[in-house]
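Residue-level listing of the chains:
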Amino acid sequence: MDFNFTETQGMLRDTLRRYLSDTYDFDKRASMLRMDGGRDPGVWKALATELGILGAALPEAHGGFGGGPIDSMVLMEEFGRAIAVEPYVPTVVIGGNALALTGGAHADALIPGIISGEVVIGAGFYEPQGRYNLADLKTTAKADGSGWTLNGHKSVVVAAPYATHLLVSARTGGSQRESAGVSLFLVEANAKGVVRRDYPCVDGYMASEVYFENANVGPHALLGAEGQALGLIETLVDHAAMAQCAEATGAMKKLHELTLDYSKQRKQFGKAIGDFQVIQHRLVDMFMEAEQATSMTLMGTLRLDDPDRAKWVSQAKAKINKGARALGQWAVQTHGGIGITTELAAGHYFKRLSIIETQYGDFDYHMGRLEERLLAA
Amino acid sequence: MDLAFSPEETAFRDEVRAFIAENYPAHLRGKQDEGEELGREDMLAWHRILAKKGWAAPAWPKEYGGTGWTATQRYIFSEESAKAETIPPLPFGINMVGPVIYTFGTPEQKAKHLPGILSGDVWWCQGYSEPGAGSDLASLRTRAERVTEDGKDYYIVNGQKTWTTLAQHADWGFFLVRTDPGAKMQEGISFLLIDMKSPGITVKPIITLGGEHEVNEVWLDNVKVPVENRVYEENKGWTCAKFLLAHERTGIAGVARSKRGIEKLKAIAKAEQDGTGQSLLANPFFRRKVAELETDLTALEFTELRTLAGEASGKGPGPESSLLKVKGTEIQQRITELVLEAAGNYAAPYFRALPEASNEYAIGPDFAHRAAPTYFNMRKTSIYGGSNEIQRNIIAKMVLGL
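What you see as residue numbers is a count from 1 along each chain, following the sequence as written. To read the labels, note that chains go from A and ligands from 1, taken in the order they are written. Reporting in this predicted model follows two pLDDT cut-offs: at least 70 for local features of residues, and 80 or more for side-chain atom pairs to be given and counted; totals over whole chains, interfaces and linings ignore these cut-offs and use all residues. Excluded from the side-chain calculations are hydrogens and water; all other atoms, namely the structure's heavy atoms, are used.

Peer 1: Could you clarify how one ought to interpret the overall build of chain A in this entry?
Peer 2: Per the convention used, a helix needs a DSSP run of H or I reaching at least four residues, while a strand needs a run of E reaching at least two, with both numbered from the N terminus. A tally of regular secondary structure across chain A gives 11 helices and 10 strands. Note that the radius of gyration is over C-alpha atoms, with the globule rule given as 2.2 Å times the number of residues to the power 0.38. Relative to a compact globule of 377 residues, whose C-alpha radius of gyration would be 21 Å, chain A shows 21 Å and is just as compact. Overall, chain A is about 80 × 50 × 45 Å in size when its C-alpha atoms are taken along their principal axes. When a residue's accessible area, from a 1.4 Å probe over protein chains only, is under 20% of the maximum for its type it is buried; when over 50% it is exposed; and in between it is partly exposed. Relative to its 377 residues, chain A shows a buried fraction of 62%. A contact between two residues is defined here by any heavy atoms of the two lying within 4.5 Å. The contacts in chain A between residues at least 6 apart in sequence include a share of 72% that link residues at least 24 apart. Only the protein chains shown count as cover for residues, with accessible areas throughout obtained via the Shrake-Rupley method and a probe of 1.4 Å. Of the accessible surface of chain A, which amounts to about 14,500 Å², a share of 53% is contributed by carbon and sulfur atoms.

Following this line, the structure appears as structure tokens:
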């Protein structure tokens, strides 16, 4: 058994942590969110070129370092510590994996682009009526003479406002919630018939509602086998869920540190509030949640290739969703009024953790997936 | 023991219900339904209508403009108001400084301030908390020094208050200040009424997590306050503060508003899909949480009714009201958690930052627009009005004798 990072993984963590602590502190992050377009595109560029880390988890054959989910985990924990609003999950974890798993000309052309920072991907797997059910799709793709015609609406596609490509699910057959008949498409973001409504999110990310209005895409837009992509999409989303668990873990650890510091400095009734046992126990509970989040992130990430992957990922995401909510609420409560203002970092961590809970399956969704497996066993 | 309303009480309920239905301004209803931000006049409109009817301050003694209602009638009125989701009169005047003034004030103070509080013409804010004095309110440092100028006595006030709700609109504020820095904590504090237009007062906004401007910092720089604006004796302001805190806690349970909140939650969950072809309310996980929440609310409701019955038989609001505050705020917060869960993927979009014009394509269901900001905002309820930790301390000390 070995839970140590490789030398490369240790370097990745140190490099990214140093970079983010210089460029992504509280004030700098706030001013980035105020920029036109809601972000500083220079950061992503720097991650690709100066730091050269976007290929860490991607195959060597396409110019990556040949790492995998553990490398993404290391990076995501750092993004979480800085509550960075960078599109690593949709672009590298989902987009990069989708391309690597389906191979072919798209992979050859686009993975190097992801690594160099020129290709940014938004992933649209969810629809307004479907909550977290990846098969609940009304978006359709019909084969026409020159390729495919897409119609439909994708919910809250993170990074879509500045993405070069969109990776979306659509029905090429089957009925609304059927497993069969789901296909995966890679669409150029500026293709005709792709309409977006862009908006900022409460956690600082940018996202869009994406509408396909008779969007014609070429025959090569189809990734993987027609009508059989649900399994692939579930794999991609499980990878994304684990990357977000890592991000949550980083954010939870940092928020715990911030709260611990605050409780040592803040004085009421003639002593530091951290001297009160009720506060001490709460800080211990937060610590225990952050530790368990670390464990579950590691467990789920190491088991992404396990035959029982869905079980392990759902355990991890459910546990972390619940822990993130508790830790976030306790952090705010311990800070008191200042915790609900935009003036201190703590509240911003709380906001991001709250939204992580709602992405790639909430607590109930993952518990439901686990319970189904219990009954099926 | 009898739970049913008497025929007179039922008739009273119908009268209240009809009055609200006939008089509640339609434009307010519209703004509330749309989740639009309310301006100063919006927040006062219903107060002014109630004042004309003589219903603005049900709990006040009749001689000062109260209604003379029984505790049960007051309960009915607040239930009906919550059901109809009226915008209640702001608490700072009617529930807070008003009772302090009619209990401790001079005849001149009563004559000067009570009519404006009652009518809603004068907007009050509360200058209690300071950056260094939150839960430990008695450690406040804002200093008031007594001076004599041209034969008149004044206080010169210096310091900083914080979390001052809606001070941006306020005409007057009631402040706790330290008049004797040598005295022990609670001693040496005085209760001052300060005209917010006085030179030396600066109000600075604090923006909270949902993007709201609800609270402010209030800076006082050599603010000159006539001594006759002090309520009760010098250095005895803590008596007023304690009295006010007890008043602030009654009604803080928010039972009727939470009932309405759960009704709305159920309507939302009925309309939303759970992703398996049924409504979210039909989803066993979700409906269990709603059922549990309703159960807890019933427990709170009957605990509050017992407290009310105690008050009706002459007991003032006691430390038991801390229980109502803790459980009431927990329920209010849990409602917002479930609304956030119901929003699902649509919890993320942030509408306050959106340009108005670009609404050709809707972004998720309407309720989701306020789900996350409300969830964030309602974390305040377990912090304000004496944090829930402080409420537990009160129960431990005053009820359990620990």
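From this point, things continue past the structure.
Peer 1: What exactly am I supposed to notice about the overall build of chain B here?
Peer 2: When helices and strands are counted, chain B shows 12 helices and eight strands. Radius of gyration (C-alpha) of chain B: 22 Å, near the 21 Å computed for a compact globule of 402 residues. C-alpha atoms of chain B, sized along the principal axes, occupy 80 × 55 × 50 Å. Evaluated residue by residue, chain B yields a buried proportion of 51% over its 402 residues. Long-range contacts, defined as pairs at least 24 residues apart, comprise 71% of the intrachain contacts of chain B with a sequence gap of at least 6. A total accessible area of about 18,200 Å² is found for chain B, and carbon and sulfur atoms account for 53% of it.

Peer 1: What exactly am I supposed to notice about the packing of helix α9 (residues 309-335) of chain A against helix α10 (residues 345-357) of chain A here?
Peer 2: Helix-helix packing: each pair is described by the crossing angle between the helix axes and the interaxial distance. Residues and elements named next belong to chain A. Angles here are taken between N-to-C directions and fall from 0 to 180 degrees, while the axes themselves are lines fitted to C-alpha atoms, restricted in helices to the stretch in contact. Where α9 meets α10, the axes come as close as 9 Å, and the angle between the chain directions of the two elements is 155°. One finds that α9 runs roughly antiparallel with respect to α10. Of the two elements, α9 crosses α10, and the hand of that crossing is left-handed. Taking contact as the criterion, the partners of K317, N321, A324, R325, G328, Q329, V332 and H335 in α9 are, on α10, A346, F350, L353, I356 and E357. Any angle that is under 35 degrees is reported as roughly parallel, and any over 145 degrees as roughly antiparallel; angles of 65 to 115 degrees are reported as roughly perpendicular and all others as oblique. Take the far helix as your reference; a near helix turned counterclockwise from it by less than a right angle gives a left-handed crossing, and one turned clockwise gives a right-handed crossing.

Peer 1: Looking at this model, I keep getting lost on the pattern of salt bridges. Mind explaining?
Peer 2: As a working rule, side chains carrying opposite charge can pair if their charged atoms are close by. The salt bridge criterion pairs a side-chain nitrogen of Lys or Arg with a carboxyl oxygen of Asp or Glu, the two atoms within 4 Å. Applying the stated criterion across every chain, the model contains 46 salt bridges over all chains. For E79 of chain B, the salt bridge goes to K259 of chain B, with nearest N and O atoms at 3.6 Å. Of this pair, E79 of chain B sits in helix α4 (residues 71-83) while K259 of chain B sits in helix α8 (residues 255-271); the two residues are 180 residues apart in sequence, bridging distant segments of the chain. Take E79 of chain B: its relative accessible area is 10%, and that puts it in the buried class. Accessibility expressed as a relative area gives 28% for K259 of chain B, which makes it partly exposed. Among the ionic contacts, a cluster of salt bridges with common partners joins R325, E357 and D364 of chain A together with K289, E337, E341 and R379 of chain B.

Fair warning: the whole summary comes from geometry, so function is off the table for now.
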